[in-house]
Amino acid sequence: MQERLLELQEEALQKVTAASELKELNEVRVAYLGKKGPITEVLRGMGKLSAEERPKIGALANEVREAIATEIEQKQKALETAAVNAKLATETIDVTLPGRPVNKGNLHPLTRVVEEIEDLFIGMGYTVAEGPEVESDYYNFEALNLPKSHPARDMQDSFYITEEILMRTHTSPVQARTMKKHKGQGPVKIICPGKVYRRDNDDATHSHQFQQIEGLVIDENISMSDLKGTLDVFAKKVFGQDREIRLRPSFFPFTEPSVEVDISCKICGGKGCSVCKQTGWIEVLGAGIVHPNVLEMAGFDSKKYSGFAFGMGVERIAMLKYGVDDIRHFYTNDVRFLKQFNHHEA
Ligand code: PHE
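Computed from a predicted structure; not experimentally measured. (Residues numbered from 1 in each chain as written. Predicted model: local features only at pLDDT ≥ 70, side-chain atom pairs only at ≥ 80, totals over all residues. Heavy atoms only, no water.)

### Quick look at the site of the ligand
Argument step 1. By nearness alone, 15 residues border the ligand, and His170, Ser172, Arg198, Gln212 and Glu214 come closest of all.
Argument step 2. The contact in question runs from a nitrogen atom of the ligand to an N or O atom on the side chain of His170, over 3.0 Å.
Argument step 3. Interatomic distance of 2.9 Å between a side-chain N/O atom of Ser172 and a nitrogen atom of the ligand.
Argument step 4. For the ligand, whose free accessible area comes to 320 Å², the fraction covered by protein is 92%.
Argument step 5. Listed by contribution, the elements that provide at least two residues to the shell around the ligand are helix H7 (172-181), strand S5 (209-219), strand S8 (281-290) and strand S9 (306-313).
Argument step 6. No other element matches the three residues that S9 contributes to the shell around the ligand.
Argument step 7. Across the shell around the ligand, the residue classes tally to five nonpolar, eight polar and two charged. (Near = heavy atom within 4 Å. Polar contact = N/O pair within 3.5 Å; in protein donor to acceptor, adjacent residues only side chain to side chain. Areas by Shrake-Rupley, 256 points an atom, 1.4 Å probe, with all protein chains shown as cover. Helix = DSSP H or I, 4+ residues; strand = E, 2+ residues; numbered from the N terminus. Nonpolar A, V, L, I, M, F, W, Y, C, P; charged D, E, K, R; others polar.)

### Let's talk about a nonpolar patch on the surface
Argument step 1. On the surface, Val134, Ile161 and Ile165 cluster together into a nonpolar patch covering about 240 Å² of accessible area.
Argument step 2. Mapped onto the elements, Ile165 comes out in strand S3 (residues 165-167).
Argument step 3. Given the relative accessible area of 34%, Ile165 is considered partly exposed. (Patch = residues over 30% accessible without salt bridge, like charges linked within 9 Å, V, L, I, M, F, W, Y side chains within 5 Å. Salt bridge = Lys/Arg side-chain N within 4 Å of Asp/Glu carboxyl O. Buried < 20%, exposed > 50% of the residue type's maximum accessible area, 1.4 Å probe, protein only.)

### Notes on the UniProt feature "binding site: Mg(2+)" (unreviewed entry) in the chain
Argument step 1. Here the UniProt-annotated "binding site: Mg(2+)" (unreviewed entry) positions come out as Glu256.
Argument step 2. With respect to the element layout, Glu256 can be found in strand S7 (residues 255-264).
Argument step 3. Apart from residues no more than four positions distant in its own chain, Glu256 is found in contact with Ile289 and His291. (UniProt positions renumbered as here; feature names shortened; annotations may be inferred. Contact = heavy atoms within 4.5 Å.)

### Comments concerning the state of the cysteines
Argument step 1. As enumerated under the stated definition, the model contains zero disulfides in all.
Argument step 2. Just so you know, Cys265 is unpaired, no disulfide at all, and the nearest cysteine sulfur is the one on Cys273, 3.7 Å from it.
Argument step 3. For Cys276, which is in no disulfide, the shortest distance to another cysteine sulfur is to Cys268 and amounts to 3.6 Å. (Disulfide = S-S within 2.5 Å.)

### Structural notes on the sheet that holds strand S1 (residues 127-128)
Argument step 1. With mixed pairing, the seven strands of this open sheet are ordered in space as S1-S4-S5-S9-S8-S7-S6. Either end of the sheet is taken by a strand with one partner, and the two such strands are S1 and strand S6 (245-252).
Argument step 2. Both strand S4 (residues 188-197) and S5 contribute to a ladder of 10 bridges, which runs antiparallel. Looking at the pairing, Val188 lines up with Ile218 of S5. (Pairing = 2+ DSSP bridges.)

### Brief notes about the domain arrangement of the chain
Argument step 1. Here the chain is described as being made up of domain 1 (2-90) and domain 2 (109-341).
Argument step 2. Once you take the C-alpha centre of each, domain 1 and domain 2 turn out to be 89 Å apart. (Domains from an automatic or database assignment.)

### Here's the deal with unusual backbone geometry
What you tend to see is this: most non-glycine residues have negative phi, and most peptide bonds are trans.
Argument step 1. Geometrically, the link from Gly186 to Pro187 is a cis peptide bond, its omega value of -10 degrees lying close to zero.
Argument step 2. Assignment of secondary structure puts Pro187 in the loop between H7 and S4.
Argument step 3. That bond from Glu256 to Pro257 is cis: its omega, -5 degrees, falls within 30 degrees of zero.
Argument step 4. If you check the backbone angles, Lys183 has positive phi at about 50 degrees while not being a glycine.
Argument step 5. With respect to the element layout, Lys183 can be found in the loop between H7 and S4.
Argument step 6. Although it is not a glycine, Asn333 sits at a positive phi angle of roughly 55 degrees.
Argument step 7. Looking at where Asn333 falls in the secondary structure, it is placed in the loop between helix H10 (314-322) and helix H11 (335-338).
Argument step 8. Taking the relative accessible area as the measure of exposure, Asn333 reaches 49% and is therefore partly exposed.

This is the structure in structure tokens:
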């Protein structure tokens, strides 16, 4: 029996030494130290031994177990350390490698234009005002001197939701709303960027949804020359210092007099080309002196206060500024188009 135990010890230790993986080592453990292992079996046969021999063999069996267990434990530690070292060796990071470039997105050209114009006007003391895109007939038309059945409503084909509610056709209702909030007290100095909706068929220059920026100034003694000076600053800042503006008489129900504002064509320097349709001038926005009816309806005394307002299409400004020939490019989100604005500094 003694011999058998020593033999088992020898055998087990050899296997422990030979084990090269944790799994293998565990198999050795189960095979030799487990309940069904050979050592347990030897111990079971101890009944046949004499009372003298029994404790000796018992003690030896324990020693053998102990020896095998210790050896397994040591081997296990060694294998674990080796595994960690191997992992560390394969996972080393070479910090001297150059990094991969991060793909940076960029602002949408329309966002750029809106932010540039906002910054310009904020710099001149304006605040940014916003209003709902789903608007009442009252603010979109009536408060702007466009009573029901006024023929000029046809200038802006509208998406009606109910008889009294529609998708706003311009940002001018924000004027009416802001004026009302001021309760007849000037000054008012706001710009209102936002989306507007019209029943237009989409083509290279029309879209059923587009963006506008509205400006409104109300104070005592505001005149056409204030409007002209303001728009001149705008044109030079957005399109370049060498640009001129020109005002042409026009009509809007909410302004009187009303003007259409052109900027000089940079491409031909005023000589005439296809972009300016041979005129040397490009139309960029509508404006005028706020109609007394609009002031009065919003609670302003039109004898004390006067004001100017202007409204422009953001897409049109962006098309002229960046030389984009189709408004639909702004909405189709083709990254090849959008990426071109990566390096344009606003
Ligand atoms: N609301 C007008 C439009 O959408 C633009 C405009 C605004 C004209 C303010 C004059 C004054 O066509």
